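# Chain and residue survey
Chain residues, written in single-letter form:
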Amino acid sequence: MTAHVAVIPAAGRGTRMRPATKVVPKALITVVDRPAVQYVVEEAVRAGATEVILVVDLDAGHLVHQHFLSNGRLPGLEHVKIRVVVQEEALGLGHAVWETAEQVRDRSFFCLLADNIVRPGADVLPQLAAAAKGDSAVCLRELTREFLSKYGVIVPGSDLVDGSLDIVGAVEKPGPVLAPSNLGLIGRYVFTPEIFEILGKLTPGHGGEIQLTDAINILASTGRCRGYVAEQDLLDVGTPQGLVMATWILGTSQFPELI
Ligand code: G1P
């Protein structure tokens, strides 16, 4: 199964990137020669998405819209339908995804968090879609202890076979003591539209926000969610250190003569 629609929540305020994000929205911070969020849109398109829905906050709304939709289309994205949905209140990642329910309707969709960019040549969406086998699936990485309080962590329901497994639950940022495994959610998902119904009924969770991980927990408890363990990590462009690393890796891939 593949999905033809991709949801990209990109409404973060970028507090870890101040002062760069004082005026420029986090999603539009430049990495080499394009805004971070453009890499994520391009990744979705490589996986077969023909429609992309970007969820942005009120301040970023018109700028992101202008980047993708005015003054002629960007090369490679000419035939992609791009829409911008404004999340008016910062109620959490789960709420941001839920805001796209009307546009996605009854279709399965990819969900890609805009803070993370795949390494060149290391796409994960095709494998994720294959692991889903028509249900939902989440992309995972083995985390070291210090990351168990920074990522959502899943409850495994089976052994790993060919890089994928059944999952039976998920907890948002449990920390090392409460973590049910060392497998963390790294910001790439494929969901059946069933997720919207679950999101619509959630109450605030970790940090007082509507958490996507809580919806994954409910979905997983019904046996309709799989996990795919990626072979490489993603590049985190949400912190200054991560941005430097991403710039170097993506830059040297584009300009190998720099090495
Ligand atoms: C979000 C998700 C978390 C996931 C992480 C991946 O957290 O809530 O489950 O592990 O992205 O980057 P955030 O980084 O927005 O705090």
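Residues numbered from 1 in each chain as written. Predicted model: local features only at pLDDT ≥ 70, side-chain atom pairs only at ≥ 80, totals over all residues. Heavy atoms only, no water.

Core analysis: the largest hydrophobic core is formed by 51 residues, its most contacted members being Ile8, Val31, Val37, Leu54, Phe68, Phe110 and Ile117. In this structure, Val85, Phe109, Ala220 and Val229 belong to the second largest nonpolar core, which totals 34 residues. (Core = buried A, V, L, I, M, F, W, Y, C linked by side-chain atoms within 4.5 Å. Buried < 20%, exposed > 50% of the residue type's maximum accessible area, 1.4 Å probe, protein only.)

The topology assignment puts Ala6 in strand β1 (residues 5–9). Considering only alpha carbons, one finds Ala6 and Pro240, 234 residues apart in sequence, at a separation of 27 Å. If we ignore the near neighbours within four places in the chain, the residues touching Ala6 are Ala44, Ala49, Glu51, Val52, Ile53, Phe110 and Leu112. (Helix = DSSP H or I, 4+ residues; strand = E, 2+ residues; numbered from the N terminus. Contact = heavy atoms within 4.5 Å.)

Because side chains alternate across strand β6 (residues 109–112), one face comprises the buried residues Phe109 and Cys111, and the other comprises Phe110 and Leu112, equally buried. Here three bridges tie β1 to β6, and the two strands are oriented parallel to one another. Counterpart to Ala6 in the pairing with β6 is Phe110. Alignment of β6 against strand β11 (residues 183–191), held across four bridges, turns out to be antiparallel. Looking at β11, one finds that Phe109 is bridged to Phe191. (Pairing = 2+ DSSP bridges.)

Attention shifts here to helix α2 (residues 58–69). Taking 1.5 Å per residue as the helical rise, α2 with its twelve residues ought to reach 16 Å, and the 17 Å between its terminal C-alpha atoms agrees with that figure. For α2, the N-terminal capping position is held by Asp57, with its side-chain oxygen 3.1 Å away from the main-chain nitrogen of Asp59. (Expected span 1.5 Å × (residues − 1). Polar contact = N/O pair within 3.5 Å; in protein donor to acceptor, adjacent residues only side chain to side chain.)

Moving on: a nonpolar patch on the surface. Where nonpolar side chains cluster on the molecular surface, the patch consists of Trp248, Phe255, Leu258 and Ile259 and spans about 470 Å² of accessible area. Of note, Trp248 is situated in helix α9 (residues 240–254). (Patch = residues over 30% accessible without salt bridge, like charges linked within 9 Å, V, L, I, M, F, W, Y side chains within 5 Å. Areas by Shrake-Rupley, 256 points an atom, 1.4 Å probe, with all protein chains shown as cover. Salt bridge = Lys/Arg side-chain N within 4 Å of Asp/Glu carboxyl O.)

Counting through the fold element by element, Gly184 comes out in strand β11. Note on Gly184: relative accessible area 0%, which makes it buried. Remark: the alpha-carbon pair of Gly184 and Gly223, spanning 39 residues in sequence, is separated by 18 Å. In this structure, Gly184 is in contact with Cys139, Leu140, Arg141, Leu143, Gly152 and Val153, ignoring residues within four places of it in sequence.

What follows concerns helix α8 (residues 212–221). Along an α-helix, a turn takes 3.6 residues, which lines up residues three or four apart on a common side. If you check which residues of α8 are buried, you get Leu212, Thr213, Ala215, Ile216, Leu219 and Ala220. Angularly, the buried residues of α8 cover 155° about the axis, an arc narrow enough to put them on a single face. Looking one or two places after α8, you find Gly223, whose phi comes out positive at around 85°. (Arc of directions from axis to C-beta.)

Following Arg18, the chain continues into Pro19 via a peptide bond in cis, with omega recorded as 5°. Looking at the element boundaries, Pro19 is found in the loop between β1 and β2 (30–31). The backbone of Lys133 shows a phi angle near 45°, a positive value even though the residue is not glycine. Turning to its location among the elements, Lys133 is positioned in the loop between α5 (125–132) and β8 (136–142). Phi is positive for Lys173, which is not a glycine, with a value near 40°. Given the relative accessible area of 30%, Lys173 is considered partly exposed.

Let us now look at the side chain of Ser136. Mapped onto the fold, Ser136 is located in strand β8. For Ser136, a relative accessible area of 1% corresponds to the buried category. In terms of polar contacts, Ser136 uses its side chain to reach the backbone amide nitrogen of Thr192, at 3.0 Å. Among residues more than four places away in sequence, those in contact with Ser136 are Val190, Phe191, Thr192, Leu219, Arg224, Cys225 and Arg226.

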